[in-house]
Structure formats: C-alpha cells, structure tokens
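The residues making up each chain are set out below.
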Amino acid sequence: MARKPPTSDIDESDLRVSDRKKVAVGVPAVLHGLQVAVDQMGVDRSIRTLLRVNQKDGFDCPGCAWPEEDKRHVAEFCENGAKAVAEEATLRRVGPEFFAAHSLDDLAGHDDWWLGQQGRLTHPMILDEDATHYRPISWDDALREIAEALRGLDDPDEAIFYTSGRTSNEAAFLYQLLVRGLGTNNLPDCSNMCHESSGSALTQTLGIGKGTVSIEDIHDADLLIVAGQNPGTNHPRMLSALEKAKGNGAKIIAVNPLPEAGLIRFENPQTPKGVILGGTKMADEFAQIRLGGDQALFQAIGKHLLEAEARDGDVVDHAFVGEHTSGYDAYRAAMAEVPWRELVEATGMPETALRRVGEMVRTSGKTIVCWAMGLTQHKHAVATLRDVVDVLLLQGNIGRPGAGVCPVRGHSNVQGDRTMGIYEKPSEAFLAALDAEFSFTAPREHGYDTVEAIRAMRDGTARVFMAMGGNFVSATPDTAVTEAALRTMDLTVQVSTKLNRSHVVTGRRAIILPTLGRTDRDRRGGTEQRVTVEDSMGAVHSSRGRLDPPADDMLSEVAIIARLCGMLFPDGAAPDDAPAHEGDPERGQAERDGAEGAASGAGDGRGAPRADWAALETDYALIRQHIQNVVPGFDDYEQRIDKGRTLMLPNGPRDARRFATSDGRAQFTVNPLEYPVIPRGRLLLQTIRSHDQYNTTIYGKDDRYRGIHNARRVVLVNEKDIRQLGFAEDEIVDLVSEWRTRDGGIELRRAERFRVVAYPTPQGNAAAYYPETNVLVPLDSVADVSGTPTSKSVIVRLEHR
Ligand SMILES: Nc1nc2c(c(=O)[nH]1)N[C@H]1C(S)=C(S)[C@@H](COP(=O)(O)OP(=O)(O)OC[C@H]3O[C@@H](n4cnc5c(=O)[nH]c(N)nc54)[C@H](O)[C@@H]3O)O[C@H]1N2
Ligand SMILES: Nc1nc2c(c(=O)[nH]1)N[C@H]1C(S)=C(S)[C@@H](COP(=O)(O)OP(=O)(O)OC[C@H]3O[C@@H](n4cnc5c(=O)[nH]c(N)nc54)[C@H](O)[C@@H]3O)O[C@H]1N2
Ligand SMILES: [Mo]
C-alpha cells in the first residue's frame, strides 16, 4: 500500500541541522530510495518498477542524463533515480474529484512540495474565464480549444511553446514541427536555463554544442576535473564511473565552493568495497573556489602550462595545435599578461594551490573536464567555458581516448530534444531538411528563448503559452515578474504528468492535459510503442514503460501533438485510403470540425506541413523514419535501437578531430578575465538543489549530505560572515537581492524568512535552494551570449526581521 499524500505544507520551524556527511551513497542511500518508492507505490510495484530502470528492455530513468554503462547491474538505479521513478509511478491520483474539492486559490496557497505530492494527473481539465475551479473536459474539446486559440492569433509569433527535457525524441520532433508549421520559432526550453552556455561556447570553439567524450573515455582518463557539479545528489551514477576511473589510476580534482559529499568520498553500494570497506576517496585535490572564480582558475592552469612550456618545452601538443587549431599565439600572449594576483583574488585560492592544480594538469596524459550548473549559470559562463576549451586544446585533449569536454546534462532527454529541433535559433540546414520532408516552408526568423519569452509575455506581445512538460513558473527567474506575465495570457496550456505551480498561475483560461511518463505502458494502434532518448554523451537508445497508465483514456505526448497537428494542418492528413482514426470514431469528426475555416498556415504562402498525422499517432516508427530523413546521424534508426542497442550519434571532434567552425579548426579564444565583485556587506548567493528534489519537484524535506533536515528555507553562510555582518546562527532573516539596472538605479527583490546556517562556503559566498529563491533572480541578469539566468550569482544582503 502506498502512503497517503501530505495534508499540510512544509513546516519550516521543524528545521534540524546535523553534521555534514563526508561520504555519499552507501547502503543508507539505497534504503532511502526504496523508502520513497514504497511510500509512493507500495512494495510490489516498487520492486517490479525499479528492476526495469535502465535495463536493456526497460525504460530510461527519468532522473538524469548520465549514460548507462555497457554492463548493467541488475538494479541500475541510484537513490535519486529511485525517487524520480517513484514520483512518476506513484499510485496517488489527481482527477476531477480533486479539482472539484480544491479551488484555484486553495491550490495556489500550497507549496511546491504539497502540490507535487498529490499524485498523477488523469483527466484533461479546463479553467474557464473567471472560474474558481478547473472542470473536466473531453480530449476532443480540449484540443479543439487549443487549436482555435492558436488559429485566432493575428501572428503566429504571439504563441510560445516551452519544452522541458523529459520529452522523448519522437514527441519533441513532432512538437517542433507543429510549432514551425504554425509559423514561429518560439521554442524556449529548459536548456536555456541550464547548459545553453555550454552549447554556445562549444559550438563556437569546437563546432558542436555537445560533449566530446564517451563513458569509456571517463574510465580511461588520467585526470578528471569535476567543476561546478554535485554528482552525489544530481548524477549519482557518475560516481561509479569516477570510481572506475580511479581504479584505473586516474586523479580527480573537485572544483567547488562547497565540500560536496560525493566528491570527497563515495561508497558504491554495488561492490563489497563500497559496502564493507568504507568506499573510495574521490577528490585528490579539492579546489575550494569562490563563486564565479572558474574562468580565473582555467586561465591560471593555461598560464601555468604555457610558463612550463616556455621553460622546459614538451607541454604543448604542437602537432595538434598546428594541424587542428587556430588562435594559439593570441591566447599565449593573453595568458602571459594576466597577473597572478588577479587569478588569486578571483578564485580565492593561493598561487601555490593554483600551481598545484596546474601541475596535475601538466603531468596528465589525458584530461577530461566535467561540469554542470556551477559553470553555466554565471554572467561570464560562456567566457569561462571557452577558457576550459583553451586549456584542453593546449595539450591536444580533444578527439583522443580518455580526453575531452564533458558537460553533464540535467534532464534525461534535454540533449535529444535539441537534436530534434527544440531550439529557438534553428540552423538553416535543419530547416531546409524539414521543409523538404514535409512540403512546407518553416519560418526563418529566430524565436524567443526562455527569458525573452517572459519579456514578450510581460510586454503584451504574446497571447498563448503552451508547455510540453516542466514547471515554467517555478523554474524561471524573477518569479513575481514571470507570474504577472503569464497571467496576461489569453490561454495557458500545460501537458504534464504531475500537478505543479504552473497549473495554478494561469492565463485568463487554462488547460491541463495529463500525459504518460517514461514508466507507463504506451499502447497505440494495437501495439506497445517505444520512444527514444539521447543521453549526455550522444548515445540514443529506446525506452519502453511497463506499468499500466494512471487512468484509462490517457494520451502520450506523441498522441496529443499528432492530434493537434491533425486539427491544425488537415490538408496534410491521412490520404483517403489510409486507415485513419482507427477505433476512435469521434476523433475524425473533431478533426473535421476543428478544421473548419482553418487558416492552417496556408494563407501566407508557406503552406502547412504535410504528413499522415493519424498514422504517426499510432506508429512511432513512422516518426523515426521522418527523423532519419531530416536529422543527420540517424541512418537505420529502427534497426540500430533494436534489442537494447545504442545508436551513437556522429561527433566530429570526438570521432575524427573534425571541427565545423568558421575555418574548420578548433578555436583558441581570448577572453578578458571576469569575476563577480561583491559590494561591502553583501553576499553572492548561489541557488542550488537539495538532495530531496528534482528541480521544482520536491521529493522530501531533507538535504541529507549537507546536514539539513525537515525544512528548505535555509541560507548557508560562512560562520565568519555571519558574525562580521552582525547576524547569529539560526536567526531568521530576509534575503534582499540588489540589482543594478542599466541606468544606474537599484532594484530590490525580497525572499522572506530564511534560517541562517553556518556552512563551510568561502567567505562572501552563500547558498540557498531553488525554486524558493527564484524570486531574487532578476530577469535581466543573464549570461552574455547564452542568455542563461545567472542563478549561481545573485548579490544579496541579509536583513534582520
Ligand atoms: N536528484 C536530482 N538530480 C538532478 C536534478 C535534481 O534537481 N535532482 N536536476 C537535473 C538537472 S536539470 C541538472 S541541470 C543537473 C544539475 O546538477 P548540478 O549542476 O550538480 O546542480 P546544482 O544543485 O545546481 O549544483 C551546482 C554545483 O555547482 C557548485 N557551484 C555553484 N557555483 C559554482 C561556481 O561558481 N564554481 C564552481 N566551481 N562550482 C559552483 C555548487 O556548489 C554545486 O555543487 O542535475 C540533474 N539531476
Ligand atoms: N534559481 C535556479 N533556477 C533554476 C535552476 C537553478 O539551478 N537555480 N536550474 C535550471 C535548470 S538546470 C533547469 S533544467 C530548469 C528546470 O525546469 P523544468 O524542466 O521546467 O522544471 P521541472 O521541475 O524539471 O519540471 C517538473 C514538471 O515536469 C512535469 N513532467 C515530469 N515528467 C514529465 C513527462 O514525462 N512529460 C510531461 N509532459 N511532463 C512531465 C511534471 O508535471 C513536473 O511537475 O530549472 C532552471 N531553474
Ligand atoms: Mo537542467
């Protein structure tokens, strides 16, 4: 039996602070994962479900994008994978009765934890204008409302289509086609808030916006630098790969303001060494860096390498640099000019420590740099990552075994969604192939990214907002601004598995479409469909859920989009002789009704995409056929994902040192040193994940490794800062963010009632959990080039209450 959902919100006064953990995972972690699973779905279902995670005939874990090792363990899950699965496979339900019992105001009064814990959505619901409650609506009517709202727009750019990163390749491909078929590239996605900076930096310097290593390379490296990442919580399976690398003799450098448990020690629950012998020491060097100091660290490494080269030679891989790169001389000259004093100031590390790290890099034959949000969510994130590439290029660490760049993705298919064309700035090559495949002309003008989408809504230039998964309101910055922006919409549409804040902060009208998740069996057209996903290393494989869906007439994301396409682009629908609308007589009627007066994008000479929408809905292999025709690298797609096989996408730098850049070479870049300057009496706040959350989904109330229990509204501050700023440990304070606007004014934003906890973060730095702190992140505070909100760099002061 599953446990009942909570009846009240988190009681912040229950906070308990214990010692930090120095070890991650181990047997307690497995037990925690199991406990959460059993609470959500009972014992039987827990065992049946968890044994199928990431197995060759099973489903892809919705937890993270870390790849599967080739030899899978019987239970290839980790604590947080188990929690992600349990959240989705829960037996709790949110149906029409739930919405009848809870008004919108009532729901809006609850926290994200309470909302998310109520269970799976089961029925399409609509919120009429001025209504106090959502009411049930049929699938046909709901889809018709959406189609009509989209057709009623004066301009397709008045619609915005968000995507989160769990959406399968098949659904993502169809979704971007729908959006471009309407005539807009307004396809913001979670990537804009996540690894966009990585994509920007890597595309410019290496010619591909993805990493260049495989899981074998990780095992094979001499040195792994793990910067700005907390794998013990967010990518626990990565720790097994790091452990294996260590077993092969690799060294690890952890670069982080916080001493994160998994980076210090790791107990692998799958091996006797982990369980009995206290595990593996992970980091050989812990570089405790100031927030935003990483560009300086990588410049220090580059400077150290070049100094050694000038002194002794034999450091720079001249053959590689000469044959495959450009810009070396300018980079070398720039590094000679950077003063050590500034590198020390920016990192907060003494020159001896910087040189020690530099020496580890110099003596390593094969180096990989792994990173996540600690590097991407800063104003100078793109410059920082270009400097990471510079360092790797010096020693020829791109495009050979055991070496390369490894941006560690978050959402389990966020990389695949981008490959499928979920991108507001699509390439001409992609659009041309799309045009040819579907006999229409996709729009060329770039669309809005996430932050631009919020601005467009705020400024009244958008009217319809639709989200394929995710929780836009809670995940985006500047919560008050974003909420107000969404409330101006004519219609907001959420395709979701679980209830969240984006269902209660709505446009004048709102629609919720429940959908199947990874763990659910997806029967369409009489057969069980599979979908595909791409992991962080460009490996594509299939995923098939085995659990009965939460309710009878639920639709997959693919089916929802295919039906909408059928209504919007009826001319391209099934030819007369095709067995369309099988087993669903109502549907054909709805499509015809929906089609009445349809502009369907045809009026402006672009035409509408043509495809057999009804057939695509019932046979996802047909969608894969289209993908194969449009996206390079998917030849023999169907065969290459059969029987649990993996399709490795081509990767120029990794496979052949081929660089699709302006001059066909990898680019050294010169990036003026930047780092945050913290005004007196202020702190620089990073907003992070606790151990018991998945982005805006709050699984539970603990951050076990950091010693925080039962509550979330805490701010972690160095104990010297607590004293020097005149506060006391345990005091309840407000966090006030101070944003200097372009015209020199100061904007204040406030997050109330956070408990001060002493924590070993560098002086001047602080940390608190997201999404509670998103209210503090100014909409205009974004990374240069990538536009990513600077969630790891918010200037705040504490205020007594
Ligand atoms: N269980 C679980 N798994 C997840 C997620 C989740 O919420 N829960 N989210 C998924 C998603 S979408 C993503 S993108 C990833 C996120 O994975 P992470 O990037 O690991 O997540 P964050 O909690 O944002 O942690 C950022 C880390 O970077 C450090 N850091 C912050 N600023 C800096 C800096 O300036 N320099 C350096 N060197 N370090 C810094 C922080 O101390 C912290 O250790 O995880 C994915 N996996
Ligand atoms: N301050 C701050 N803000 C941040 C970050 C940060 O570090 N600090 N991190 C940023 C990052 S890295 C990211 S990736 C974003 C995350 O932003 P999002 O991806 O928008 O947020 P999630 O919390 O992952 O979305 C959870 C919701 O997705 C829905 N869902 C889950 N599975 C499925 C599915 O299979 N299909 C569908 N249709 N819906 C599903 C559920 O309804 C659930 O409530 O947040 C960003 N925001
Ligand atoms: Mo992410």
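Residue numbers run consecutively from 1 along every chain, following the written order of its sequence. The naming scheme follows written order: chains are lettered A onward, ligands numbered 1 onward. Confidence filtering applies because this is a predicted model: local features only for residues at pLDDT of at least 70, side-chain atom pairs given and counted only at 80 or more, and all residues used for totals across whole chains, interfaces and linings. With hydrogens and water stripped out, all remaining heavy atoms of the structure feed into the side-chain values.

Draft legend 1. Inspection of the pattern of salt bridges at higher detail. Here a salt bridge means any side-chain nitrogen of Lys or Arg lying within 4 Å of a carboxyl oxygen belonging to Asp or Glu. Tallied over the entire structure, the rule returns 56 salt bridges. We note a salt bridge from Glu158 to Arg463, for which the minimum N-O separation is 3.2 Å. Of this pair, Glu158 sits in the loop between α6 (139-151) and β7 (159-163) while Arg463 sits in the loop between α23 (450-458) and β16 (464-468), and the two are 305 residues apart along the sequence. Among the ionic pairs, Arg458 bridges to Asp459, the shortest N-O distance being 2.8 Å. Using a relative accessible area of 41% as the deciding quantity, one classes Arg458 as partly exposed. Each member of the salt-bridge network shares a partner with another, and the members are Arg682, Asp734, Glu738, Arg750, Arg797, Glu799 and Arg801. The secondary structure listing takes helices from DSSP runs of H or I that are at least 4 residues long and strands from runs of E that are at least 2 residues long, numbered from the N terminus. Only protein chains enter the area calculation, which uses a 1.4 Å probe; residues under 20% of their type maximum are buried, those over 50% are exposed, and those in between are partly exposed.

Draft legend 2. Highlighting the side chain of Ser791. In this fold, Ser791 is placed in the loop between β32 (765-769) and β33 (794-800). On the basis of relative accessible area, Ser791 is assigned to the buried category, the value being 13%. In this structure, Ser791 is in contact with Gln377, Leu685, Gln686 and Thr687, ignoring residues within four places of it in sequence. In what follows, residue pairs with any heavy atoms lying within 4.5 Å of each other are defined as contacts.

Draft legend 3. Structural detail: the site of ligand 2. As a matter of local geometry, ligand 2 sits amid 30 residues, with Tyr162, Ser164, Glu557, Thr696 and Asn774 nearest to it. Here a polar contact means two N or O atoms within 3.5 Å. Within protein one must be a hydrogen donor candidate and the other an acceptor candidate, and residues neighboring in sequence count only if both atoms are side-chain atoms. Take Gly470: an N or O atom from its main chain is 3.1 Å from an oxygen atom of ligand 2. Within the side chain of Asn500, one N or O atom sits 2.8 Å away from an oxygen atom of ligand 2. Where accessible areas are quoted, they stem from the Shrake-Rupley method and a 1.4 Å probe; at the residue level, only the protein chains shown are allowed to cover. Bound to the protein, ligand 2 loses 96% of the 930 Å² it would expose on its own. Residues are classed as near a molecule or strand on a simple rule: at least one heavy atom within 4 Å of it.

Draft legend 4. The arrangement of the UniProt feature "domain: Molybdopterin dinucleotide-binding" (unreviewed entry) in the chain in detail. UniProt positions are given in the numbering used here, feature names are shortened, and annotations may be inferred rather than shown by experiment. When the UniProt feature table is mapped onto this chain numbering, "domain: Molybdopterin dinucleotide-binding" (unreviewed entry) sits at residues 683-794. Span residues 683-794 is 5% helix and 39% strand, its end C-alpha atoms 8 Å apart.

Draft legend 5. Layout of the site of ligand 1. Residues in close proximity to ligand 1 total 32 residues, the closest being Asn256, Glu260, Asp294, Gln693 and Asn695. Asn230 places a main-chain nitrogen or oxygen 2.8 Å from an oxygen atom of ligand 1. Separating an oxygen atom of ligand 1 from a backbone N or O atom of Asn695 is a distance of 2.7 Å. Within the complex, the protein chains bury 99% of what would otherwise be the 920 Å² of accessible surface of ligand 1. Within the residue set of the shell around ligand 1, elements represented by two or more residues are α10 (231-234), α19 (373-376), β25 (683-688) and β26 (693-694). Take the shell around ligand 1: its biggest share by element is 3 residues, from α19. The residue makeup of the shell around ligand 1, split by class, is 12 nonpolar, 16 polar and 4 charged. Each domain's extent was defined by an automatic or database domain assignment. The residues that make up the shell around ligand 1 include at least three from each of domain 3 (196-408) and domain 4 (683-800). Amino acids outside the nonpolar list (Ala, Val, Leu, Ile, Met, Phe, Trp, Tyr, Cys, Pro) and the charged list (Asp, Glu, Lys, Arg) are all regarded as polar, and Gly is one of them.

Draft legend 6. View of unusual backbone geometry. A cis amide bond links Tyr770 to the next residue, Pro771, at an omega of 5 degrees. Structurally, the position occupied by Pro771 is in the loop between β32 and β33. One non-glycine residue, Arg657, adopts positive backbone phi at about 50 degrees. Position of Arg657 relative to the elements: it lies in the loop between α31 (652-656) and β24 (666-667).

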